[in-house]
Amino acid sequence: AHEYAFTDGKIATVGITEFAENALGDVVFIDLPEVGDDFEKGDSFGSVESVKAASDVYAPVSGTVVEINEALVDDPAIVNGSAEDKGWFIKIEMDDESELSDLLTPEAYKEICEE
């Protein structure tokens, strides 16, 4: 999967990686969940649509949505210019921080994308 989770304590900021954004092309629509929604790791929490394709977006960790990036609703193209910074999708309060150990490190992910 091409989602990321940047963590600060029990809060994970989740979005799609620059690699995924580049593969999708110009993002034209993003469907986000509601604050308070609960997701298990691997659940689809929304979708992203581009001029090329539509793709589900999956929760890399289990937890409760505590914030959504409202700016993406009006301007989904933010993802194209800043996928891993201003283009984050949701913030999740993690149920189980040990799930982070199942995720790839940024370095390991980069190696896979370069293959």
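Placed above this text is the structure.
Below is a summary of the structure that appears in this document.

This next bit is on the side chain of serine 47. Relative to the assigned elements, serine 47 resides in strand E5 (residues 44-50). Judged by relative accessible area, which is 14%, serine 47 ranks as buried. Setting aside anything within four residues of it in sequence, one finds serine 47 in contact with Phe29, Ile30, Asp31, Ser55, Asp56 and Val57.

What follows concerns the packing of aromatic side chains. By the definition in use, this model includes two aromatic pairs. Arranged with centres 4.5 Å apart and planes meeting at 25°, the rings of tyrosine 4 and phenylalanine 6 form a pair that is stacked. By relative accessible area, which is 6% here, tyrosine 4 ends up buried. Assessed through its relative accessible area of 37%, phenylalanine 6 is described here as partly exposed. A centroid spacing of 6.2 Å and a plane angle of 65° characterise the contact between phenylalanine 39 and phenylalanine 45, whose relative ring orientation is edge-to-face. You can call phenylalanine 39 buried: its relative accessible area is 11%. Lying over the aromatic face of tryptophan 88, lysine 91 brings its terminal NZ or CZ to 4.9 Å of the ring centre.

Attention now moves to the sheet that holds strand E8 (residues 90-94). With antiparallel pairing, the five strands of this open sheet are ordered in space as E1-E2-E8-E7-E4. Edge positions in the open sheet fall to strand E1 (3-8) and strand E4 (38-39), since each of these has one partner strand only. Two elements, strand E7 (residues 63-68) and E8, share five bridges in a ladder whose sense is antiparallel. In the strand pairing of E8, glycine 63 is matched with methionine 94.

Let us now look at the sheet that holds strand E6 (residues 54-58). Backbone hydrogen bonds are what pair the strands of a sheet, in a parallel or an antiparallel way. In space, the three strands of this open sheet follow the order E3-E5-E6, with antiparallel pairing throughout. Only two strands of the sheet have a single neighbouring strand rather than two, namely strand E3 (27-31) and E6. Taking the axes of each pair of neighbouring strands and ignoring which way they run, one obtains an average angle of 25° across the sheet. Across five bridges, the pairing between E5 and E6 is antiparallel. Bridging across to E6, glycine 46 finds its partner in valine 57.

With that out of the way, let us pick up a negative patch on the surface. On the surface, Asp38, Glu40, Glu93, Asp95, Asp96 and Glu97 cluster together into a negatively charged patch. Relative to the helices and strands, glutamate 97 is located in the loop between E8 and helix H4 (106-114). The exposure class assigned to glutamate 97 is partly exposed, which follows from its relative accessible area of 38%.

What follows deals with the layout of surface pockets. Roughly 530 Å³ of volume is contained in the largest pocket. Taken together, 23 residues form the lining of the largest pocket, with Glu3, Tyr4, Ala5, Leu104 and Tyr109 sitting closest to its centre. Elements represented by at least two residues in the lining of the largest pocket include exactly E1, helix H1 (18-24) and H4. When its residues are assigned to classes, the lining of the largest pocket shows 15 nonpolar, four polar and four charged.

About the criteria used
- Residues numbered from 1 in each chain as written.
- Predicted model: local features only at pLDDT ≥ 70, side-chain atom pairs only at ≥ 80, totals over all residues.
- Heavy atoms only, no water.
- Helix = DSSP H or I, 4+ residues; strand = E, 2+ residues; numbered from the N terminus.
- Buried < 20%, exposed > 50% of the residue type's maximum accessible area, 1.4 Å probe, protein only.
- Contact = heavy atoms within 4.5 Å.
- Phe/Tyr/Trp six-rings, centres within 6.5 Å; stacked < 30°, edge-to-face > 60°.
- Lys NZ or Arg CZ within 6 Å of the ring centre and 35° of its normal.
- Pairing = 2+ DSSP bridges.
- Axes fitted to C-alpha atoms, helices over the stretch in contact; angles between N-to-C directions.
- Patch = residues over 30% accessible without salt bridge, like charges linked within 9 Å, V, L, I, M, F, W, Y side chains within 5 Å.
- Areas by Shrake-Rupley, 256 points an atom, 1.4 Å probe, with all protein chains shown as cover.
- Salt bridge = Lys/Arg side-chain N within 4 Å of Asp/Glu carboxyl O.
- Lys, Arg positive; Asp, Glu negative; His and termini not counted.
- Charge placed at Lys NZ, Arg CZ, Asp CG, Glu CD.
- 1 Å grid on protein atoms, 1.4 Å probe; cavity = no way out; pocket = protein on both sides within 12 Å on 5 of 7 lines; lining within 4 Å.
- Points joined across faces, edges and corners; volume = space filled by probe spheres on them.
- Nonpolar A, V, L, I, M, F, W, Y, C, P; charged D, E, K, R; others polar.

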